[in-house]
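Spelled out, the chains give:
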Amino acid sequence: MKNKMNKANKKNRKIIICTLGVIIIVAIIAVALWIYINGNVNLANENDISNKNVLIEYSYENHAWEYQYSGTIICEDGSIYSFKFDNPESNEVNDTIEKTSKNILKHITENKGTMNKNDLKQLREELLTINNDTTSKPIANDMGQSSVKYYNYDANEIITLKSTGDVNIQNNSQNIENVFEILQEYDIK
């Protein structure tokens, strides 16, 4: 009789252990699925660019020989993207800063990450001191233009921070170097 009870207890323990094992595996799968679904929802929201605005544009543009216009943007929320216009027709005539921003956002090619929140805060503070005071000097023809621009929505203007190529343009604002120190961390020079 004792032998039968030991066998019954062992069998019950095995059933309990197997049941617990199944419950644990189901729980792990449920948690993993929940994390996966939430992760994809968050990614979808991060990739939703319809409500974003360009803050900084770093680009190369050339209309000689073959049309080229591509670069990197930092949006107001700190998200960073690459963009590229394939032909001049895709670069619509934009008469407002908002339309220019939305047109660039239509031509995103890659999500390059997000700017550090402290860097973004510091950049925004420095940009408040930047105005549209620039000096320009013609250099060449047909070289194209590499530019860093600031989209100032409050003033409704796109301010050139620096531009080199056919014409060299330098912004004369007092704190311009502070802006470039921050942007340099994100390969914008």
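Residues numbered from 1 in each chain as written. Predicted model: local features only at pLDDT ≥ 70, side-chain atom pairs only at ≥ 80, totals over all residues. Heavy atoms only, no water.

Caption draft 1: A look at the sheet that holds strand 4 (residues 108–114). Taken in spatial order, the 8 strands line up as 4-3-2-1-6-7-8-5 in an open sheet, and their pairing is antiparallel. Looking at the sheet topology across the chains shown, the edges are occupied by strand 4 and strand 5 (134–138). Averaged over all adjacent pairs, the angle separating strand axes in this sheet is 20 degrees, with direction ignored. Two strands pair when backbone bridges link them, and strand 1 (residues 54–62) and strand 6 (residues 145–152) are joined in this way by 6 bridges, in the antiparallel orientation. Looking at strand 6, one finds that Tyr-60 is bridged to Ser-146. The strands touched by helix 4 (residues 176–184) within the sheet are strand 1, strand 2 (68–75), strand 6, strand 7 (157–165) and strand 8 (167–171), with strand 7 carrying the most contacts at an inclination of about 75 degrees. (Pairing = 2+ DSSP bridges. Helix = DSSP H or I, 4+ residues; strand = E, 2+ residues; numbered from the N terminus. Axes fitted to C-alpha atoms, helices over the stretch in contact; angles between N-to-C directions. Contact = heavy atoms within 4.5 Å.)

Caption draft 2: Representation of the packing of aromatic side chains in the model. Taken as a whole, this structure holds 4 aromatic pairs when the rule is applied. Ring geometry for Tyr-151 versus Tyr-153: centroids 6.5 Å apart, planes at 35 degrees, classification tilted. Among the residues examined, Tyr-151 registers a relative accessible area of 1% and is labelled buried. Judged by its relative accessible area of 18%, Tyr-153 falls in the buried class. An aromatic cluster is defined as three or more aromatic residues linked by ring pairs; in this entry it consists of Tyr-69, Phe-83 and Phe-85. Over the aromatic face of Phe-180 sits the side chain of Lys-162, whose NZ or CZ is 5.9 Å from the ring centroid. (Phe/Tyr/Trp six-rings, centres within 6.5 Å; stacked < 30°, edge-to-face > 60°. Buried < 20%, exposed > 50% of the residue type's maximum accessible area, 1.4 Å probe, protein only. Lys NZ or Arg CZ within 6 Å of the ring centre and 35° of its normal.)

Caption draft 3: Spotlight on the pattern of salt bridges. Using the criterion set out here, one finds 3 salt bridges in the structure. The shortest N-O distance in the salt bridge between Glu-125 and Lys-121 comes to 3.7 Å. Highlighted residues: Glu-125 and Lys-121, both in helix 3 (residues 117–127), separated by 4 residues, approximately one helical turn. Judged by its relative accessible area of 46%, Glu-125 falls in the partly exposed class. For Lys-121, a relative accessible area of 51% puts it in the exposed group. (Salt bridge = Lys/Arg side-chain N within 4 Å of Asp/Glu carboxyl O.)

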